[in-house]
Amino acid sequence: MTVATSARDASGADLDPASLVEAERVHRRAYVDPEIFELEMDLIFGRSWIYVGHESQIPQAGDYFTTQVGRQPVIMTRHTDGQIYVLENRCPHKGALVCPERAGHSRPFVCMYHGWSFDGDGALRSVPARSGYEGTSFDPKDPANGLKQLPRVQNHRGFIFASLAADGPDFKTWAGKGLRGLDNLVDRAPAGEVEVIGDCYRTVQNNNWKIFLDNMSDGMHTSFVHNQMAKAAQKTIARTAVRRPGGLDVAAMLAGEPEQMARMDLVAHPGGHFDMVAFAPPPSGPDADQYKASMEAFHGKERAEAILKESYHSVLMFPTLVMQQSLQQMRVIRPISANKTLLEIWVFCLKGAPESFVRRAVTGGNVGNSPSNVVAADDFESYYRVHAGLESPQTDWVLLHRGARQDVPQGSSIKGGDGNSEVCMRNMFHAWRDYMTAQ
Ligand code: FES
Ligand SMILES: [Fe+2]
């Protein structure tokens, strides 16, 4: 793949991505410049492993789900051989989107423009008026005349990732310790598998995608941004006799003072990934004992206890996926432009867990992450204000100094001095710079 490696600023000067990231601050252009966004699509989203979807979304041959890998529209589908394929959603004839819907069932895929049809592995099945191609260089058996498979696809325990780049670090090398949130979600299923519950929620934020990712490790903001909502949730819980685990309980926890947030563990990993330990209550409620018993039956007592002790609130797999495994939720970003970001919110069912766990996860998703939730609306306003402020050209730098002198190396990772540290943001931007400057 040939890619550009620098943008130009308004004066026509080269805008070198390396100059936008320092040890403890980031230039505003890294967030708001449309040309930087275009470079990111090539250099980060065109090279990294991008989350596509979960295999439970397409249980039958012919089922499909469409999304984007960077700028590339793709179809994730299951073929008659039972395998999952990730195909370019682009007709080889004149380029039309073959599947404009977000999800569905189709065997074969038929392009609406001139009727070319394709199998679930992308192979060209038929071309109407075939005789018109006789004697031409068109070869129906050439894979280039089918729906192209993405160069690299990985199914990790049901989670499908793809890369637009044929070369680069393999999936496990790229994921590193970022995999622990995703693995812990699957491990929490007494039957050893998870599946999505229904469709995802989708919201569009009016901000750059990295402002959202910054916030994912920003413990400091909760006692300010969510204070009123959390106090209202606490009052409601105190007033009402009916408890709904996973709902207002989660919202109420966000009322912590900065001192409470400081007790969280923040650990930044190579590649921009991180994890944050907080807000992860152990399984509770009437079915908790039954759940723990099935976990021990599947994993053994010691292993089951170790799995349930892992209490990450958020684990980021840079650049697209934020796992909240103790809440059975996952958020995925699909950047649209420098100032618009699509967010998908998925809720998972732990196979083999009691039915109440499904209800708790759905309630938690509704309260904490859905478009009508009581928590993220305040976050979205903060993200919008940050982006709007950064559009102004007078002040250049975003500051990431907090905790920079208290970082504690842990092997190849870095632990923040406390939970209010900006260590994960610094680490993410250092990874961003590495992607943006790699040859
Ligand atoms: S563009 Fe698809 S068949 Fe012509
Ligand atoms: Fe928040």
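These numbers come from a predicted model, not from an experiment. (Residues numbered from 1 in each chain as written. Chains lettered and ligands numbered in written order. Predicted model: local features only at pLDDT ≥ 70, side-chain atom pairs only at ≥ 80, totals over all residues. Heavy atoms only, no water.)

Caption draft 1: Structural context of the packing of helix α10 (residues 288–299) against helix α11 (residues 301–309). One can describe the packing of α10 onto α11 by two numbers: an axis separation of 7 Å at closest approach and a directional angle of 125°. As summarised for this structure, α10 and α11 are arranged oblique, according to the angle between their axes. In this structure, α10 meets α11 at a crossing whose hand is right-handed. Residue-level inspection shows Y291, K292, M295, E296 and H299 of α10 in contact with α11, the latter providing K301, R303, A304, I307 and L308. Split by residue class, the contact of α10 with α11 holds five nonpolar, one polar and four charged. (Axes fitted to C-alpha atoms, helices over the stretch in contact; angles between N-to-C directions. Helix = DSSP H or I, 4+ residues; strand = E, 2+ residues; numbered from the N terminus. Parallel < 35°, antiparallel > 145°, perpendicular 65-115°, else oblique. Left-handed = near helix turned anticlockwise from the far one by under 90°. Contact = heavy atoms within 4.5 Å. Nonpolar A, V, L, I, M, F, W, Y, C, P; charged D, E, K, R; others polar.)

Caption draft 2: How the structure looks around the nonpolar core. Formed by 89 residues in total, the largest nonpolar core has its most connected members in F159, F161, W209, L213, M330, F429 and W432. Residue-level mapping places this core at the junction of two domains, with at least three residues from each of domain 1 (50–163) and domain 2 (176–437). With residues near it in sequence (within four places) discarded, F159 still touches Y51, G53, H54, Q154, L182, L185, V186, V194, M323, M330 and F348. I75, L87, W116 and F118 belong to the second-largest nonpolar core, a separate cluster that totals 15 residues. (Core = buried A, V, L, I, M, F, W, Y, C linked by side-chain atoms within 4.5 Å. Buried < 20%, exposed > 50% of the residue type's maximum accessible area, 1.4 Å probe, protein only. Domains from an automatic or database assignment.)

Caption draft 3: Highlighting helix α12 (residues 355–368). Here α12 contains 14 residues, and its C-alpha end-to-end distance of 20 Å stays within 8% of the 20 Å for a straight helix at 1.5 Å per residue. Among the residues of α12, S356, F357, V358, R360, A361, G364, G365, V367 and G368 are the ones counted as buried. (Expected span 1.5 Å × (residues − 1).)

Caption draft 4: Quick look at the sheet that holds strand β5 (residues 63–69). Here four strands make up an open sheet; going across it, the order is β7-β6-β5-β8 and the pairing antiparallel. In this open sheet, the two edge strands, each paired with only one partner strand, are β7 (84–88) and β8 (103–105). Along the sheet, successive strands turn relative to each other by an average axial angle of 30°, direction set aside. Sheet analysis places strand β6 (residues 72–78) next to β7, joined by five bridges and oriented antiparallel. Within the sheet, the bridge partner assigned to R78 lies in β7 and is I84. (Pairing = 2+ DSSP bridges.)

Caption draft 5: Main features of unusual backbone geometry. Omega for the peptide link from R107 to P108 comes to 0°, which places this bond in the cis form. At the junction of F318 and P319, the peptide bond is cis and its omega measures out at 10° in the coordinates. Topologically, P319 is positioned in the loop between β18 (312–317) and β19 (321–324). One non-glycine residue, R157, lies in positive phi territory at about 50°.

Caption draft 6: Representation of the domain arrangement of the protein within the structure. Split into domains, the protein comes out as domain 1 (50–163) and domain 2 (176–437). Of note, the centres of domain 1 and domain 2, computed from C-alpha atoms alone, are 33 Å apart. Residue-level contacts link 14 residues of domain 1 with 23 residues of domain 2. At the boundary of domain 1 with domain 2, total buried surface from both sides reaches about 1,500 Å², with 62% on carbon and sulfur atoms. Counting every contact that joins domain 1 to domain 2 gives three salt bridges. Across the salt bridge formed by R157 and D187, the nearest N and O atoms sit 2.8 Å from each other. Elements supplying a minimum of two residues to the side of domain 1 that touches domain 2: β4 (50–54), β5 and β13 (159–163). Here the residues of the side of domain 1 that touches domain 2 are counted per class, giving six nonpolar, six polar and two charged. (Buried area = accessible area lost by both parts, 1.4 Å probe. Salt bridge = Lys/Arg side-chain N within 4 Å of Asp/Glu carboxyl O.)

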